[in-house]
Amino acid sequence: MASEDDEAKTGSAVEGQRPDADQWSDAGKAEQAVDPKIAAAVAAAEAAGPQNGESVRIDSWIWAVRLVKTRSMGATACKGGHVRVNGQNVKPSHSVRVGDEVRLRQENRERVVVVKRLIRKRVGAPVAAQCFVDNSPPPPPREAVAPAGIRDRGTGRPTKRDRRELERLRGLMGGAAGQPRGQ
């Protein structure tokens, strides 16, 4: 096995011969293109995946490719109407196929992915990323605002005036900041 690895790295069938510079650069490109660890993990995931003609449940697939943290969260998202496959709301037991478009709404963001490979078991992030094509819009920018209402340590309890200023900053009064309540 060691000689086969040596052949693959050098690109030469005869041991002891040094490959040309072009062969070295080609071998380097091949190693950069496919990491052996990732390739082994992909092979293991495919072996554990469904055989020809079998399908995978949508809640299991979105968990396996790391779109949700747990399978039960995937099932809950399906039951709540947050998962759509090819434009249709689906149940957790819906079968997913290669080429399906899956839309998942979570935390003020919609993920749009196209199924590239079916897997049943959860795999590492680099392998999971190869199982779908991500067509999601970019996430909304985070607000670069200083957090309102943080008090200095040791200043004691806020006074009524301080509390009202904090509420005004946080926007809790519903836009009627500064107006008395009866008017």
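In what follows, the accompanying structure is described. (Residues numbered from 1 in each chain as written. Predicted model: local features only at pLDDT ≥ 70, side-chain atom pairs only at ≥ 80, totals over all residues. Heavy atoms only, no water.)

## Quick look at the overall build of the protein
Link 1 in the chain: For the protein, the helix and strand inventory stands at seven helices and seven strands.
Link 2 in the chain: Starting at the N terminus and walking to the C terminus, you meet the elements of the protein as α-α-α-β-α-α-β-β-β-β-β-α-β-α.
Link 3 in the chain: Relative to its 183 residues, the protein shows a buried fraction of 23%.
Link 4 in the chain: Here the analysis covers contacts within the protein between residues at least 6 apart in sequence; of these, 47% occur between residues at least 24 apart.
Link 5 in the chain: Of the roughly 13,400 Å² that the protein leaves accessible, carbon and sulfur atoms contribute 49%. (Helix = DSSP H or I, 4+ residues; strand = E, 2+ residues; numbered from the N terminus. Buried < 20%, exposed > 50% of the residue type's maximum accessible area, 1.4 Å probe, protein only. Contact = heavy atoms within 4.5 Å. Areas by Shrake-Rupley, 256 points an atom, 1.4 Å probe, with all protein chains shown as cover.)

## Notes on the nonpolar core
Link 1 in the chain: In terms of nonpolar packing, the biggest core is built from 26 residues, with Ile 58, Trp 61, Ile 62, Val 83 and Val 102 touching the most fellow members.
Link 2 in the chain: Breaking this core down by element, the ones donating at least two residues are helix H4 (58-64), helix H5 (71-79), strand S2 (83-85), strand S5 (101-106), strand S6 (109-115) and helix H6 (125-129).
Link 3 in the chain: The leading source of residues in this core is H4, at four residues. (Core = buried A, V, L, I, M, F, W, Y, C linked by side-chain atoms within 4.5 Å.)

## Comments concerning the pattern of salt bridges
Link 1 in the chain: Across all of its chains, the model carries seven salt bridges by this definition.
Link 2 in the chain: One salt bridge connects Arg 103 with Glu 101, and the closest N-O pair in it is separated by 3.5 Å.
Link 3 in the chain: The class for Arg 103 is partly exposed, based on a relative accessible area of 28%.
Link 4 in the chain: For Glu 101, a relative accessible area of 27% puts it in the partly exposed group.
Link 5 in the chain: A cluster of three or more residues bridged by salt bridges with shared partners is formed by Arg 57, Asp 59 and Arg 71. (Salt bridge = Lys/Arg side-chain N within 4 Å of Asp/Glu carboxyl O.)

## Describing the pairing of S6
Link 1 in the chain: Note: S5 against S6, six bridges, orientation antiparallel. Residue pairing for S6: Val 102 is matched across the bridge by Val 113.
Link 2 in the chain: Joining the antiparallel neighbours S5 and S6 is a turn of two residues, in which Glu 107 adopts a positive phi near 50°.
Link 3 in the chain: When S6 meets strand S7 (residues 132-134), the two strands line up antiparallel, connected through three bridges. Residue Val 113 lies in a different strand from S7, and its bridge partner there is Asp 134. (Pairing = 2+ DSSP bridges.)

## Some thoughts on the packing of aromatic side chains
Each aromatic ring pair is described using two quantities: the centre-to-centre distance and the angle formed by the ring planes.
Link 1 in the chain: Here the structure, examined in full by the defined rule, presents one aromatic pair.
Link 2 in the chain: Measuring from centroid to centroid gives 6.4 Å for Trp 61 and Phe 132, while their planes differ by 75°, and the two rings are edge-to-face. Pair noted here: Trp 61 is in helix H4 and Phe 132 is in strand S7, with a separation of 71 residues, a long-range link. Side by side, Trp 61 and Phe 132 carry an identical accessibility label, which is buried. (Phe/Tyr/Trp six-rings, centres within 6.5 Å; stacked < 30°, edge-to-face > 60°.)

## Quick word on the environment of Arg 57
Link 1 in the chain: Within the element layout of this structure, Arg 57 appears in strand S1 (residues 56-57).
Link 2 in the chain: Between the C-alpha atoms of Arg 57 and Pro 92, which are 35 residues apart in sequence, the distance is 6.7 Å.

In short, geometric facts, not functional conclusions.
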